[in-house]
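Letter by letter, the chains look like this.
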Amino acid sequence: MGALRPWHIAVLVVVLILLFGAKRLPDAARSLGRSLRIIKAETKSLHDDDRDLAEKADAQAGYQPLPPNAGQQQYAPQQPPQQQYAPQPQQPVDPVQRVRDN
């Protein structure tokens, strides 16, 4: 009862031709083939991206963090040069006034 027999396929083809017309069936099959190719290419690129991401994660797993004392300097840090003048506070400028001045 579940077997697909040749006359089942023939009836299906006749129904498809009657529904869509003989002229539209090749176009529909062509567009279906293009869609399947696009889907296949996208799934392949997703698998490649996953593989690349896994390789990068494996490469980064080999890095060792620096010991806590590695970043400390062995000498005293230099003092910043003293400023010779005091910076003057800047007054807020109104953008409308600046446009009027120009």
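What counts, and at which threshold
- Residues numbered from 1 in each chain as written.
- Predicted model: local features only at pLDDT ≥ 70, side-chain atom pairs only at ≥ 80, totals over all residues.
- Heavy atoms only, no water.
- Helix = DSSP H or I, 4+ residues; strand = E, 2+ residues; numbered from the N terminus.
- Buried < 20%, exposed > 50% of the residue type's maximum accessible area, 1.4 Å probe, protein only.
- Areas by Shrake-Rupley, 256 points an atom, 1.4 Å probe, with all protein chains shown as cover.
- Salt bridge = Lys/Arg side-chain N within 4 Å of Asp/Glu carboxyl O.
- Patch = residues over 30% accessible without salt bridge, like charges linked within 9 Å, V, L, I, M, F, W, Y side chains within 5 Å.
- Expected span 1.5 Å × (residues − 1).
- Lys, Arg positive; Asp, Glu negative; His and termini not counted.
- Charge placed at Lys NZ, Arg CZ, Asp CG, Glu CD.
- pLDDT = per-residue confidence, 0-100.

1. Points about the overall build of the protein
And step 1. Assigned secondary structure in the protein consists of 3 helices and 0 strands.
And step 2. Secondary structure elements in the protein, listed N-terminal to C-terminal, are α-α-α.
And step 3. Buried residues in the protein amount to 0% of all 102 residues.
And step 4. If you sum the accessible surface of the protein, you get close to 10,800 Å²; carbon and sulfur atoms cover 59% of it.

2. Some thoughts on the pattern of salt bridges
And step 1. Tallying each qualifying case throughout the model produces 1 salt bridge.
And step 2. As a salt-bridge pair, Arg-30 and Asp-27 come within 2.9 Å of each other at their nearest N and O atoms. Highlighted residues: Arg-30 and Asp-27, both in helix H2 (residues 24-61), separated by 3 residues, approximately one helical turn.
And step 3. Note on Arg-30: relative accessible area 44%, which makes it partly exposed.

3. Here we look at a nonpolar patch on the surface
And step 1. A cluster of nonpolar side chains, contributed by Trp-7, Val-11, Leu-12, Val-15, Leu-16, Leu-19 and Phe-20, occupies part of the molecular surface with about 700 Å² of accessible area.
And step 2. Mapped onto the secondary structure, Val-15 falls in helix H1 (residues 6-20).
And step 3. With relative accessibility at 40%, the residue Val-15 sits in the partly exposed group.

4. Let's talk about H1
And step 1. A rise of 1.5 Å per residue sets the reference length of H1, with its 15 residues, at 21 Å; its end C-alpha atoms lie 21 Å apart and thus fit the reference within 8%.
And step 2. Count one or two residues on from H1 and you reach Gly-21, which has phi positive near 90°.

5. Examining a negative patch on the surface
And step 1. Taken together, the side chains of Asp-49, Asp-50, Asp-52 and Glu-55 present a region of like negative charge at the surface.
And step 2. Relative to the assigned elements, Asp-52 resides in helix H2.
And step 3. With a relative accessible area of 39%, Asp-52 lands in the partly exposed category.

6. Observations concerning the confidence of the model for the protein
And step 1. Taken over all residues, the pLDDT of the protein has a mean of 76, while the share at 70 or more is 64%.
And step 2. At the level of individual helices and strands, the protein shows its lowest average pLDDT in helix H3 (residues 95-101), which scores 71, and its highest in H1, which scores 89.

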